[in-house]
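# Structural description and commentary
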Amino acid sequence: MEGVEASEKVKRTTPRLCSLCNQRKAALRRPKTLEQICRECFYNVFEDEIHRVIVENNLFKPGERIAIGASGGKDSTVLAYVLSELNKRHNYGLDLFLLSIDEGITGYRDDSLETVKRNEIQYGLPLKIVSYKELYQWTMDEIVKAIGLKNNCTFCGVFRRQALDRGAALIQADKIVTGHNADDIAETVLLNILRGDIARLSRCTSITTGEDGPIPRCKPFKYTYEKEIVMYAYFKKLDYFSTECIYSPNAYRGFAREFIKDLERIRPRAILDIIRSGEDFRISTTTRMPEQGTCQRCGYISSQKLCKACVLLEGLNRGLPKLGIGRKKGGSGEDQEQSKWHLENRALSLHGKHGNVEY
C-alpha cells in the first residue's frame, strides 16, 4: 500500500507533458479538444487550423487588397496579428489594411480606437477610420439619446455593416475580413431559428458572403473558439481592448450567448455541432426568399425600395426614431406615421445582380 501511495504522489507532483510533442510541459487545456498541450504546440495548431480554413475555402487570391475589420477587441486584434503572420509565412501575397468604424460612443469606442492605432504601428498595417458622424451625421451617443437603450443595437448593427462597406470602398479593398468566431456563428444560427428568419438562416453559416455584391466578406475564424482566441491573445501578450460596449448589455444576442456558454460547459463540441447543423439546413423550395436589389436612395444592397439604414436615418432626421424599428397600427401619432411609412415602402420585386455601390 505504501508503494502505491508513493507512486500516486509522484504522479501528482510530476508535470504533465504536452500531449502533442510529448516533450514540453503542458501549459493549457484546449477548450475545443480538451487536450493538455504546451504553449508552442497551441500556437502551431491554432495558426495551422486558420491557415487550413483559408486554403480549403479559397478565401483569398494573390494581390488582393484585404480590409481587416478592426475594433480593437480580442477577435479583430488576433485576426490582424495572425493574418499578418500567415501572409508572410505562406506567401499569400495580400495587401492588408486595418479598417475601423467610429460609432461615436464616448468612453468606449474612443478608447478602443487608441488600441487600434497602436496595432497599426505594432503590425505595420495602414489604418483607415470612418465614423458614423461623417457618414450619417449622427453618433451612437446622439442616437441613444433620441431612441433610448431598448433598440439602439438595431441602429448600430445596420449602420456598422454599411459603414464597413463604405470604408472598404474608400481604400479600394477587394474583400473585408471580420473576426466573427465559432461562438458568434453558433449564436447567429440560434437567433435566426428563434426569429424564424429563413433568409438569414440560409446564409449565416457561409464563410464568405456578399460575393454577388460590391465587396465580399469572409470569416477566417469560423471554426475558432472564442476561448482559444482569448488564450492566444493572453499568451502572445497582444495589445487589445477588453471593455464591453456600454450600450450592449441588454442586447437580445446576449441571451443566446449565455445559452451557448452553458452548452459548451457540458459538451465543448456543441458549438461546432450547431454550426454544422446550420450548414446542413435545407430551405424548402416553396419558401419565398427576398429578392436582392439596390436602395433607390443610396445604392446599397436592399430587398426594399429603401435600405434599412436609409429608413432608420429617415426616422431620426424626422424626429420619429421608431420609424424603422417595427410595424405598428393605431396608437400614437408616431405609431400611425410609422405604419404609413411601412405601407409606402413595402418590398418591390427587383431582379438582377447589384453592381458596385457609389459613395
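The name an unreviewed UniProt entry gives the protein chain is Cytoplasmic tRNA 2-thiolation protein 1, with Rhynchospora pubera as the organism. Within the UniProt record for the protein chain, the comment given under Pathway (unreviewed entry) is "tRNA modification; 5-methoxycarbonylmethyl-2-thiouridine-tRNA biosynthesis." Word for word, the UniProt comment on the protein chain under Subcellular location (unreviewed entry) is "Cytoplasm".

For the rest of this paragraph, the subject is the overall build of the protein chain. A tally of regular secondary structure across the protein chain gives 14 helices and 10 strands. Here the protein chain holds 359 residues, and the buried ones make up 49% of them. A sequence separation of at least 24 residues applies to 68% of the contacts in the protein chain between residues at least 6 apart. Put simply, the protein chain shows about 18,900 Å² of open surface, and 49% of that area lies on carbon and sulfur atoms.

With that settled, consider a nonpolar patch on the surface. A contiguous nonpolar surface patch, about 370 Å² in accessible area, is contributed by Leu194, Tyr252 and Phe255. Looking at where Leu194 falls in the secondary structure, it is placed in helix H8 (residues 182-195).

This part takes up unusual backbone geometry. If a residue is not glycine, its phi is most likely negative; likewise, a peptide bond is most likely trans. Backbone geometry at Asn58 places phi at a positive 50°, although glycine is not the residue there. Looking at the secondary structure, you find Asn58 in the loop between helix H2 (39-56) and strand E3 (65-69). With phi around 55°, Asn91 is a residue other than glycine that occupies positive phi space. With respect to the element layout, Asn91 can be found in the loop between helix H3 (74-89) and strand E4 (95-102). Residue Asn91 is classed as exposed on the basis of its relative accessible area of 64%.

Another aspect to go through is the side chain of Ser100. By the secondary structure assignment, Ser100 is in strand E4. In contact with Ser100, other than residues within four places in its own chain, are Ala70, Leu113, Val116, Leu127, Lys128, Ile129 and Val130.

To continue, consider H3. Spanning 16 residues, H3 covers 22 Å between terminal C-alpha atoms, matching the ideal 22 Å at 1.5 Å per step. The element H3 is largely enclosed, with a buried count of 13 among its 16 residues. Positive phi shows up at Asn91, right after H3, with a value of about 55°.

Moving on: the environment of Glu35. Counting through the fold element by element, Glu35 comes out in the loop between strand E1 (28-29) and strand E2 (36-37). With 16 residues separating them in the primary sequence, Glu35 and Ser19 have C-alpha atoms 6.7 Å apart. Look past the residues within four positions of Glu35 in its chain and what remains in contact with it is Ser19, Leu20, Leu28, Arg29 and Arg30. One polar contact links Glu35 to Thr33, side chain to side chain, over a distance of 2.9 Å.

On to the environment of Asp273. If you trace the backbone, Asp273 turns up in helix H12 (residues 270-280). For Asp273, a relative accessible area of 25% corresponds to the partly exposed category. In the structure, Asp273 is positioned 87 residues away from Ala186 in sequence and 8.6 Å away in space, judged by C-alpha atoms.

Bringing H12 into the picture now. One turn of an α-helix holds 3.6 residues; hence residues three or four places apart share an orientation. Taken together, the buried positions of H12 are Ala270, Ile271, Leu272, Ile274, Ile275 and Gly278. For H12, the elements touching its buried residues are H8 and helix H11 (253-266).

For Thr77, the location among the structural elements is in helix H3. At a separation of 2.7 Å, a polar atom in the side chain of Thr77 contacts the main-chain carbonyl oxygen of Gly73.

Right, let's get into the packing of aromatic side chains. Under the counting rule described, the total for this entry stands at 15 aromatic pairs. Judged by centre distance (6.2 Å) and plane angle (55°), the rings of Tyr81 and Tyr232 are tilted. On the criterion of sequence distance, the pair formed by Tyr81 in helix H3 and Tyr232 in helix H10 (residues 226-236) is long-range, its members being 151 residues apart. Exposure remark for Tyr81: the relative accessible area of 17% places this residue in the buried category. An aromatic cluster of three or more residues is present, and its members are Phe42, Tyr43, Phe46, Tyr81, Tyr123, Phe221 and Tyr232. Directly above the aromatic system of Tyr43 lies the positively charged group of Lys236, at a separation of 4.3 Å from the ring centroid.

Reading guide: rules and limits
- Along each chain, residue indices are assigned from 1 in the same order as the chain's sequence is written.
- The predicted origin of the model limits local features to residues at a pLDDT of at least 70 and limits the giving and counting of side-chain atom pairs to 80 or more, whereas totals for whole chains, interfaces and linings rest on all residues.
- Each side-chain value is worked out from all heavy atoms of the structure, with water and hydrogens disregarded.
- UniProt positions are given in the numbering used here, feature names are shortened, and annotations may be inferred rather than shown by experiment.
- Each helix corresponds to a stretch of at least 4 residues labelled H or I by DSSP, and each strand to a stretch of at least 2 residues labelled E; elements are numbered beginning at the N terminus.
- The rule is simple: take the accessible area with a 1.4 Å probe, protein chains only, and divide by the maximum for that residue type; under 20% is buried, over 50% is exposed, in between is partly exposed.
- When checking whether two residues touch, look at their non-hydrogen atoms; a contact exists if any pair is within 4.5 Å.
- Only the protein chains shown count as cover for residues, and all accessible areas are computed by the Shrake-Rupley method using a 1.4 Å probe.
- Without a salt bridge and with relative accessible area above 30%, a residue can belong to a patch; like charges are then joined within 9 Å and nonpolar side chains (Val, Leu, Ile, Met, Phe, Trp, Tyr) within 5 Å.
- Salt bridge criterion: a side-chain nitrogen from Lys or Arg within 4 Å of a carboxyl oxygen from Asp or Glu.
- In a helix, the anticipated span is given by 1.5 Å times the number of residues less one.
- Pairs of N or O atoms within 3.5 Å make up the polar contacts considered here, provided that, within protein, one atom can donate a hydrogen while the other can accept it, and that residues adjacent in sequence are counted only when both atoms are side-chain atoms.
- Note on ring pairs: Phe, Tyr and Trp rings are taken, using the six-membered ring of Trp, and paired if centres are within 6.5 Å. Classes follow the plane angle, with under 30 degrees stacked, over 60 edge-to-face and the rest tilted.
- Criterion for a charge above a ring: Lys NZ or Arg CZ within 6 Å of the ring centre, and within 35 degrees of the ring normal.

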